[in-house]
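# Residue-level structural notes
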Amino acid sequence: MPGDVIAVVVPAYNEAASIGATLTALARQTDHGFRLVVVDNASSDDTAGVVRRFAGTAPFPVEIVTEEEPGAGTAADTGFRHAIATGATLLARTDADCLPAPDWVATLRTYLEGGHELVCGRSVPRRDERPSWAERHVFPVAVRLAALYGRYRKSHRTPDFRSPYVLVHGHNLALTADLYRRCGGTAREALEDGSEDVTLLNRARRETDRIVRAEDLVVEASLRRLRAWGARRTLLWYWDRRWRPPTSRQVHVR
């Protein structure tokens, strides 16, 4: 739709060592018709400084917003609402340890301008982290099986849902600003308290039947949580937080 304004939101907490690669991946997009909103989630390192230095030569506008309350969902919601308040009509999110494919913005634009209201993309391991065979094949299969369980679990099949459950990753999704307002947006909760991406999906499913799983919308995600916690604990974490680290501080793997 002519006149659409895309905002890419990136929550970031103490990501000075990682966010540079994410910014570079965004600078390499084939479509630079967006603005970047980085939400500094009370970082104690130089995350904001890295972003400011990048902004000086970025091929698109860059903004830094501060959110003091901890939580990826809280930071994402702050970024999305800031973007909407300042004119964005289309929204996308990735994370500060992820690498969107070069056609990521172009692809999400095609989906959203083609009539979809929420697009849930595909996550693959970061190639620069040299994933093992198991990390490239076995763990992703387990994630998809977990998503299949999610599709058929009773709480995800109630009559108020207007579209089927799909696999969603918080670091690779896009939606319209209108849907974000209508559904109530991202849950403002601590990371250990719930999966804010699933909450957003289910809120959206009650509002629209124009939700799609897009295998050609690709983001490379870091393996650092999987490597720090192991496969079993990581899967239990994503399965309704059935395992949590002993302290809140350990939730944020660096």
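Attention here is on the structure that accompanies the text. For clarity, every value in this text was computed on a predicted model and none was experimentally measured.

Attention now moves to the overall build of the chain. Per the secondary structure count, the chain includes nine helices and eight strands. Computed over the C-alpha atoms, the radius of gyration of the chain is 17 Å, within 12% of the 18 Å expected from 2.2 N^0.38 for a compact globule of 254 residues. C-alpha extents for the chain along the principal axes are approximately 45 × 40 × 35 Å. For the chain, restricting intrachain contacts to residue pairs at least 6 apart in sequence, the fraction spanning at least 24 positions comes to 81%.

On to the sheet that holds strand S7 (residues 173-176). Taken in spatial order, the eight strands line up as S3-S2-S1-S4-S7-S6-S8-S5 in an open sheet, and their pairing is mixed. Of all strands in the sheet, those bounded by a partner on one side alone are strand S3 (62-66) and strand S5 (99-100). Bridge count for strand S2 (residues 34-40) against S3 is five bridges, and the pairing is parallel. From the neighbouring strand, Asp40 faces S3, where its bridge partner is Thr66.

This paragraph deals with helix H1 (residues 19-27). Of the positions making up H1, those classed as buried are Ile19, Thr22, Leu23, Ala25 and Leu26. Across the axial projection of H1, the buried residues extend over an arc of 160 degrees, all falling on one side. Where the residues of H1 are buried, they touch strand S1 (6-12), S2, helix H2 (47-55), S5 and helix H4 (104-113).

Val8, Ile19, Leu26, Leu36, Phe60, Trp104 and Leu108 are the most contacted members of the largest nonpolar core, which totals 32 residues. Of all elements in the fold, only S1, H1, S2, H2, strand S4 (90-93), H4 and strand S8 (211-221) reach the threshold of two or more residues within this core. In this view, Ile19 contacts Ala12, Val38, Thr47, Val50, Val51 and Ala96; residues no more than four positions away in its chain are not counted. Core analysis: the next-biggest nonpolar cluster, separate from the first, contains 28 residues, Phe80, Ala88, Leu91 and Leu173 among them.

Attention now moves to the layout of surface pockets. The space that makes up the second largest pocket amounts to roughly 260 Å³. If you go around the second largest pocket, you meet 15 residues; those closest to its centre are Tyr13, Pro70, Ser248, Arg249 and His252. Of the residues in the lining of the second largest pocket, the class split is five nonpolar, six polar and four charged.

For Thr89, the position within the fold is in the loop between helix H3 (72-85) and S4. Sequence separation between Thr89 and Val5 is 84 residues, and the spatial gap between their C-alpha atoms is 5.3 Å.

Before going further, it helps to examine the environment of Val138. Inspection of the secondary structure puts Val138 in helix H5 (residues 133-152). Judged by relative accessible area, which is 45%, Val138 ranks as partly exposed. For the pair Val138 and Ala231, spaced 93 residues apart in sequence, the C-alpha to C-alpha distance is 9.7 Å.

Turning our eyes to something else, we now look at the pairing of S7. Both faces of the sheet carry side chains from a regular strand, because those side chains alternate between them. Of the two faces of S7, the one holding Leu173 and Leu175 and the one holding Ala174 and Thr176 are both buried throughout. Here S4 pairs with S7 via four bridges, running antiparallel. When the bridges of S7 are listed, Ala92 appears paired with Ala174. As judged from the three bridges shared by strand S6 (residues 118-125) and S7, these two strands associate in the antiparallel manner. Looking across to S7, one finds that Val119 is bridged to Ala174.

Burial runs high along helix H7 (residues 196-205): eight of the 10 residues are buried. Taken together, the buried positions of H7 are occupied by Glu196, Asp197, Val198, Leu200, Leu201, Asn202, Ala204 and Arg205. At its buried positions, H7 is contacted by H3, S4, S6, S7, helix H6 (177-183) and S8.

Reading the values: rules and limits
Residues numbered from 1 in each chain as written. Predicted model: local features only at pLDDT ≥ 70, side-chain atom pairs only at ≥ 80, totals over all residues. Heavy atoms only, no water. Helix = DSSP H or I, 4+ residues; strand = E, 2+ residues; numbered from the N terminus. Rg over C-alpha atoms; globule rule 2.2 N^0.38 Å. Contact = heavy atoms within 4.5 Å. Pairing = 2+ DSSP bridges. Buried < 20%, exposed > 50% of the residue type's maximum accessible area, 1.4 Å probe, protein only. Arc of directions from axis to C-beta. Core = buried A, V, L, I, M, F, W, Y, C linked by side-chain atoms within 4.5 Å. 1 Å grid on protein atoms, 1.4 Å probe; cavity = no way out; pocket = protein on both sides within 12 Å on 5 of 7 lines; lining within 4 Å. Points joined across faces, edges and corners; volume = space filled by probe spheres on them. Nonpolar A, V, L, I, M, F, W, Y, C, P; charged D, E, K, R; others polar.

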